Each structure stands twice: as C-alpha cells, then as structure tokens.
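Per-entry structural report
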Amino acid sequence: MAYSDIKNPSEHFNTVLYTGDGSADQSMTGVGFQPDFLWIKRRNASERHVLTSTQMVQADGAYKWIDCSDTAGQFAGGTGVASFDSDGFSIKTSDSTWNASGSTYALWGWKANGGTTSSNTDGDVTSTVQVN
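1. Some details on the environment of T29
Mapped onto the elements of the fold, T29 is located in strand 2 (residues 27-29). Beyond its immediate chain neighbours, meaning those up to four positions away, T29 contacts V16 and D87.

Laid out in structure tokens, this is it:
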C-alpha cells in the first residue's frame, strides 16, 4: 500500500471553537478549508455530539445528521448545517445543539474528497466512500 506524506495536517483536519449567537444562517468560519465531515459538541452544557457530512442528503434545507447518543439513525427536520462553505459551514437554524446564544461549541472538521465519492467493493457489501 502506498502512503504519502501530509505536509500540512491543518489542511485536512482542524478544530475550531465558537460561541453561538442564536441566529439562523450563521456562518462558522476559521476551518481553513471546506470540510466534508463535521463533529460538533456544545462545551458549556450537557448536549449531544452531532455528526454530519457532505454525503448525507439534505432535508428541509439542512444536511441530515447523527446524534452519537441515539440509536435512531439519521435525523432531519431542517436544523443543523445548511451548507459546507470554503472556510467552514453555515447553520440553518439556531438551537441548543448547533448555535444557542452565548453557548460555546467545539467543531472538528475533516477534509475528505470534496464530496466526490467512489465505491468500495472490498468484502461482501459494496459501500460508497469518500477519501482523501
């Protein structure tokens, strides 16, 4: 298997801390690239870990997302990430999970392959993947 050196890891992964302002359509910037996968956690209160990616389809103007503490699968309903932008992402609505006024959050962003997917046929089940 061939490996390549990553000269600047911050071009592929970054952590950003932000404070919610309670508004809809807030742009979260400072990632340094357009992320393909996001993990977001509220820091100043007990709140779920949420994950979303460019591979998850949009519903009601926001990407579907996964709650790490729930076994229900994907969630939708118009809350969460509205778009993956060149330096971060935009929130569709404000709520305690994504953007409550005065709440502090951590986001971890990964760059994968700009939304371009391919099929992985290793094993018995073919899966759609996005890799960097």
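2. Focus: the pairing of strand 11 (residues 104-110)
Pairing of strand 1 (residues 13-19) with strand 11, which is carried by seven bridges, proceeds in the antiparallel orientation. Paired with N14 across the two strands is G109, which belongs to strand 11. Pairing of strand 3 (residues 37-42) with strand 11 involves six bridges; the strand directions are antiparallel. By the bridge assignment for strand 11, W39 is matched with W108.

3. Brief notes about the nonpolar core
Ranked by internal contacts, the top residues of the largest apolar core, which has 18 residues, are Y18, L38, I40, V81, F89, W98 and L107. Contributions of two or more residues to this core are made by strand 1, strand 3, strand 9 (81-85), strand 10 (88-91) and strand 11. Sequence-distant contacts of L107, defined by excluding residues within four places in its chain, comprise N14, T15, V16, Y18, V31, L38, W39, I40 and F89.

4. Regarding unusual backbone geometry
For D60, which is not glycine, the phi torsion reads 55° and is therefore positive. Inspection of the secondary structure puts D60 in the loop between strand 5 (58-59) and strand 6 (62-63).

5. Some thoughts on the sheet that holds strand 2
If you walk across this open sheet you meet the three strands as 2-10-9, and the pairing is antiparallel. Taken across any chain shown, the strands that pair with only one partner, and hence form the sheet edges, are strand 2 and strand 9. Neighbour to neighbour, the strand axes of the sheet diverge by 20° on average, direction disregarded.

6. Some remarks on the pattern of salt bridges
Tallied over the entire structure, the rule returns two salt bridges. In this structure, R42 and E47 form a salt bridge, with 3.8 Å as the shortest nitrogen-oxygen distance. We classify E47 as buried; its relative accessible area is 18%. Two residues, R48 and D67, come together in a salt bridge whose shortest N-O distance is 3.7 Å. Taken as a pair, R48 in the loop between strand 3 and strand 4 (49-53) and D67 in strand 7 (residues 65-67) lie far apart in primary sequence, 19 residues in all. The class of R48 is partly exposed, set by a relative accessible area of 28%.

7. Considering the pairing of strand 9
Every regular strand shows the same layout, with side chains that alternate between the two sheet faces. Sheet analysis places strand 9 next to strand 10, joined by four bridges and oriented antiparallel. Residue V81 lies in a different strand from strand 10, and its bridge partner there is I91.

8. With respect to the environment of D5
Turning to its location among the elements, D5 is positioned in the segment before strand 1. Given a relative accessible area of 68%, D5 falls into the exposed group. Along the primary structure D5 and W65 are separated by 60 residues, whereas in three dimensions their C-alpha atoms are 31 Å apart.

The rules behind each value
Along each chain, the written sequence defines residue order, and numbers are assigned to residues from 1. Reporting of local features is limited, given that this is a predicted model, to residues whose pLDDT is at least 70; pairs of side-chain atoms are given and counted only at 80 or more, and all residues count toward the totals for whole chains, interfaces and linings. Values shown for side chains rest on all heavy atoms present in the structure; no hydrogens or waters enter the calculation. In DSSP terms, a helix is any run of H or I states spanning at least four residues, a strand is any run of E spanning at least two, and both are numbered starting from the N terminus. In this analysis, two residues are considered to be in contact whenever any of their non-hydrogen atoms come within 4.5 Å of each other. For two strands to be treated as a pair, DSSP must find no fewer than two bridges joining them. Think of a nonpolar core as a cluster: buried Ala, Val, Leu, Ile, Met, Phe, Trp, Tyr and Cys residues, connected wherever their side-chain atoms sit within 4.5 Å. Only protein chains enter the area calculation, which uses a 1.4 Å probe; residues under 20% of their type maximum are buried, those over 50% are exposed, and those in between are partly exposed. Here an angle of 0 to 180 degrees is reported between the N-to-C directions of two axes, which are lines fitted to C-alpha atoms, with helices fitted over the stretch in contact. Salt bridges are identified by distance alone: a Lys or Arg side-chain nitrogen within 4 Å of an Asp or Glu carboxyl oxygen.

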